[in-house]
Amino acid sequence: MKHFGLQAADILLPQDGFETWSVVACDQYTSEPEYWNAVEETVGDAPSALRVTLPEIYLNEDPAPRIAAINRTMAQYLADGVLKAYPDSMVYIERETSAGVRRGLLGVIDLEEYDYRPGSKTLIRATEQTVVERIPPRVQIRREAPLELPHVLLLMDDVKHTVFGAAGTAGDVVYDFDLMQGGGHIRGTRLPKESQEKVKAALAALLDGQDDPLLFAVGDGNHSLATAKECYRQDPNPKNRYALVEVVNIHDDAIQFEPIYRVLFGADIADVTARLAALCGEGEVTQTITCVTAAGETVLKLAPTAKLPVGTLQAFLDAYLKEHPAVSIDYIHGEETVRRLCTAEGVIGFLFDGMGKDELFPAIRQDGSLPRKTFSMGHAEDKRYYLEARAIR
């Protein structure tokens with residue numbers, strides 16, 4: 001068995017106080033200080049992942065003092081025995097979300113098997129284009145940190161649900177509690193060795209018959225995983241070679257893909273629509289884009305230049321924005337929000353069909369990666385919470 005993708009790890013969990021320890025991923029609620037103020041009140045003086053992560057809402061400040069405080073706190077937590085070690089472990093996770101119960105497996109991946117660059121042929125690939133400028137600030141946080149806490153969700157394409165079937169539900173329950181701020185309930189079970197081996201075999205079987213072996217695609221936390229890769233390149237020590245992640249199944253009913261639409265501001269509407277109309281196709285294969293303006297809605301059928309309509313559209317928008325630096329773009333959830341924004345002068349929005357779950361892996365194979373913000377995996381409160389940790393020094 002050459003590849004199985006996910007491996008057991010020496011996992012650290014708080015001795016107690018899970019309700020105040022676990023907080024939502026740092027890239028959520030970035031425009032809602034009231035959310036993070038409420039988290040501060042809930043946590044108080046208790047040991048918490050809030051003290052060893054950097055919510056992005058604070059990135060407009062000088063991050064250096066916070067980063068230094070994070071590293072000191074990590075070291076203090078380790079010295080004080082706040083965390084308990086679970087050696088050579090995988091954790092089977094059941095997370096109650098607004099969409100249902102999402103199952104997952106926690107372990108480490110080998111960063112040698114991951115590459116975020118478009119066109120890579122590694123077992124683990126990015127789903128969206130990585131903005132390399134976003135990596136250095138995250139490297140500053142991770143470079144000297146003694147611990148990592150993951151919010152990365154990796155997707156596997158397991159139509160028959162064989163991997164979670166192999167995991168089973170036997171084992172010791174290591175946590176079972178309600179997440180703060182409406183995050184639902186979470187339960188983690190430490191898998192026995194026999195179940196771990198079955199999981200590895202099931203993962204390896206997913207690669208059978210693949211001409212272009214692709215085991216995992218990054219569903220959430222793409223830039224965090226890219227940061228782990230960059231830190232490994234800079235300091236290739238054995239612990240840095242691995243990253244703690246949760247693997248989920250793209251075919252889980254509790255995982256929902258929602259399209260993220262595009263809106264241009266300050267645009268010459270007639271010019272944009274004329275240029276798009278010139279890209280319309282007349283063959284049997286076309287992709288439908290709806291242009292929304294104050295004057296109404298226009299349906300265009302474009303000749304494909306990418307696997308998905310959003311890819312064809314984004315290629316056009318990237319070129320247009322490069323030629324028109326005064327025009328700005330935003331990425332919007334929800335059709336009604338797009339329509340409301342597009343009642344203003346100089347604003348044009350674009351609606352398109354969302355991506356089906358069975359389209360993701362073929363699109364990554366064909367296009368290398370998807371445009372940034374192609375899809376969203378659920379609501380903010382359903383994102384992964386920081387909970388488990390691993391020593392990386």
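Before going into details, it helps to say that this report is about the structure given with it. (Residues numbered from 1 in each chain as written. Predicted model: local features only at pLDDT ≥ 70, side-chain atom pairs only at ≥ 80, totals over all residues. Heavy atoms only, no water.)

Let's talk about the packing of aromatic side chains
Aromatic ring pairs are reported here in terms of the distance separating the ring centres and the angle at which the planes meet.
Here is step 1: By the definition in use, this model includes eleven aromatic pairs.
Here is step 2: Ring geometry for Tyr114 against Tyr116: centres 6.4 Å apart, planes inclined by 50 degrees, an arrangement best described as tilted. Across the pair, exposure class does not vary: Tyr114 and Tyr116 are buried alike.
Here is step 3: Pairwise contacts between aromatic rings join Phe18, Tyr175 and Phe177 into one cluster.
Here is step 4: Its guanidinium or amino end placed over the ring of Tyr58, Arg66 lies 3.8 Å from that ring's centre, counting from NZ or CZ. (Phe/Tyr/Trp six-rings, centres within 6.5 Å; stacked < 30°, edge-to-face > 60°. Buried < 20%, exposed > 50% of the residue type's maximum accessible area, 1.4 Å probe, protein only. Lys NZ or Arg CZ within 6 Å of the ring centre and 35° of its normal.)

Some details on the layout of surface pockets
Here is step 1: In this structure, the largest pocket occupies an estimated 1,100 Å³ of space.
Here is step 2: What lines the largest pocket is a set of 39 residues, among which Asp27, Gln28, His333, Lys373 and Lys383 lie closest to the centre.
Here is step 3: Elements that contribute at least two residues to the lining of the largest pocket include exactly strand S12 (216-220), helix H7 (222-234), strand S14 (257-265), strand S17 (328-333) and strand S19 (375-377).
Here is step 4: With four residues, the single largest contributor to the lining of the largest pocket is S17.
Here is step 5: Among the residues making up the lining of the largest pocket, the classes are represented as eleven nonpolar, 15 polar and 13 charged.
Here is step 6: One number sums up the size of the second largest pocket: a volume of about 180 Å³.
Here is step 7: Taken together, the elements giving at least two residues each to the lining of the second largest pocket come down to strand S1 (9-14) and strand S21 (390-391). (1 Å grid on protein atoms, 1.4 Å probe; cavity = no way out; pocket = protein on both sides within 12 Å on 5 of 7 lines; lining within 4 Å. Points joined across faces, edges and corners; volume = space filled by probe spheres on them. Helix = DSSP H or I, 4+ residues; strand = E, 2+ residues; numbered from the N terminus. Nonpolar A, V, L, I, M, F, W, Y, C, P; charged D, E, K, R; others polar.)

By themselves these figures say nothing about function.
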